[in-house]
Amino acid sequence: MPLQKTRVIILHRFPYSDSSFIVKAFSADFGILSFLLKGGKRKESPFKGAFDPMAYSEVVFQSSGKSEFVFAREASLLEWFPALRENLEAQAVAQVMAELFLRYTPHGISLSKEFELLLNAFTELNQEPAPELLSRWLFDLCAHWGFSLNLSRCSRCNQPFVQGPAEFLPDSGECVCVSCFTHHESLFEEDFLSDLWRFSKNEPVGSPEQLEKTFLSYLRNHLGIKRNLNSVLWLDQIRKLKEKPCFPSAI
Ligand SMILES: [Zn+2]
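Reading the values: rules and limits
- Residues numbered from 1 in each chain as written.
- Predicted model: local features only at pLDDT ≥ 70, side-chain atom pairs only at ≥ 80, totals over all residues.
- Heavy atoms only, no water.
- Axes fitted to C-alpha atoms, helices over the stretch in contact; angles between N-to-C directions.
- Helix = DSSP H or I, 4+ residues; strand = E, 2+ residues; numbered from the N terminus.
- Parallel < 35°, antiparallel > 145°, perpendicular 65-115°, else oblique.
- Contact = heavy atoms within 4.5 Å.
- Nonpolar A, V, L, I, M, F, W, Y, C, P; charged D, E, K, R; others polar.
- Donors = N, O, S within 2.8 Å, 3.2 Å for Na, K, Ca; no water.
- Tetrahedral: all angles 85-135°; square planar, octahedral: opposite > 155°, others 65-115°.
- Buried < 20%, exposed > 50% of the residue type's maximum accessible area, 1.4 Å probe, protein only.
- Domains from an automatic or database assignment.
- Buried area = accessible area lost by both parts, 1.4 Å probe.

1. Things to note about the packing of helix α3 (residues 112-125) against helix α4 (residues 133-144)
- Contact pair α3 / α4: the axes reach a minimum separation of 11 Å and the direction vectors enclose 175 degrees. When the axes of α3 and α4 are compared, the pair comes out roughly antiparallel. The residues of α4 that touch α3, namely those facing Lys113, Glu114, Leu117, Leu118, Ala121, Glu124 and Leu125, are Leu133, Trp137, Asp140, Leu141 and His144.
- The residue inventory of the contact of α3 with α4, partitioned by class, reads seven nonpolar, one polar and four charged.

What follows is the structure, given as structure tokens:
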């Protein structure tokens, strides 16, 4: 089998035996790759941090033909995202993205756009992430995976909104304008509807977490995801801890 070279983002790593790791990596060229790193736990591992979870690296690898695993021949670390690793919430957001890719990456389509989407998000998480980062990422991912949400035009009359929508339709990911809306009351709070409106104009929103939940549940419906994502539960916990710190901030 010939050697191949690709850029990867490491999604997950777990021990395989006393001395080895299995590493799940996302590559723009090959989708999800499973690396078997023999002796990867040894301190003098030749790959340094290139296979650490969340690392961005370039690897040269070989497939064995029979096995599901590929074998790394060379690897160089391009970015380790040190500031992301020091920020618990940023780490948890990165985990949500990694878990979605690990479990639900579609097969048989080009993944270069998804790769850039993930790389850009990790790069932003390593700097000063905007509060809307995860909601925007989920919104963009829906579009890449073929079920765009439409927040800027009315689904009935197709006119662009000049004020916030009167209703959001969670199943189709569409909105309805005030003129076309025939019910008395929306299913959603006014604050949420105006957040959708601000989001569609790239403006800061009041509750990014509410948008995340909405986009995530829309994505889950379309992908047929039944059970909760562990990383989403973890992100919720981290945020609750942030609201109620266990320790006094000034000692
Ligand atoms: Zn309308």
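Picking up where we left off.
2. Describing the coordination of the zinc ion
- Taken together, the protein donors to the zinc ion comprise Cys154 (SG), Cys157 (SG), Cys177 (SG) and Cys180 (SG), at separations of 2.2 to 2.3 Å.
- Here the zinc ion binds four donor atoms, and the angle range of 103 to 115 degrees at the metal identifies the geometry as tetrahedral.
- Summarised as a motif, the one-chain spacing of the donors to the zinc ion is C-x2-C-x19-C-x2-C. You can see cysteine 154 sitting in strand β6 (residues 150-154) and its partner cysteine 180 sitting in the loop between β8 (174-176) and α5 (190-200), a full 26 residues away along the chain. Each member of the pair, cysteine 154 as well as cysteine 180, is classed as buried.

3. Details of the domain arrangement of the protein chain
- For the protein chain, the assigned domains are domain 1 (4-80) and domain 2 (84-243).
- Look at where the C-alpha atoms of domain 1 and domain 2 centre, and you get two points 30 Å apart.
- Each side of the interface is counted separately: domain 1 has 18 residues, and domain 2 has 18 residues.
- Interface of domain 1 and domain 2: buried area, both sides summed, is about 1500 Å²; carbon and sulfur atoms make up 75% of it.
- Of all residues in domain 1, Leu11, Phe26 and Met54 give up the largest surface area on contact with domain 2, accounting jointly for 44% of the area buried on that side.

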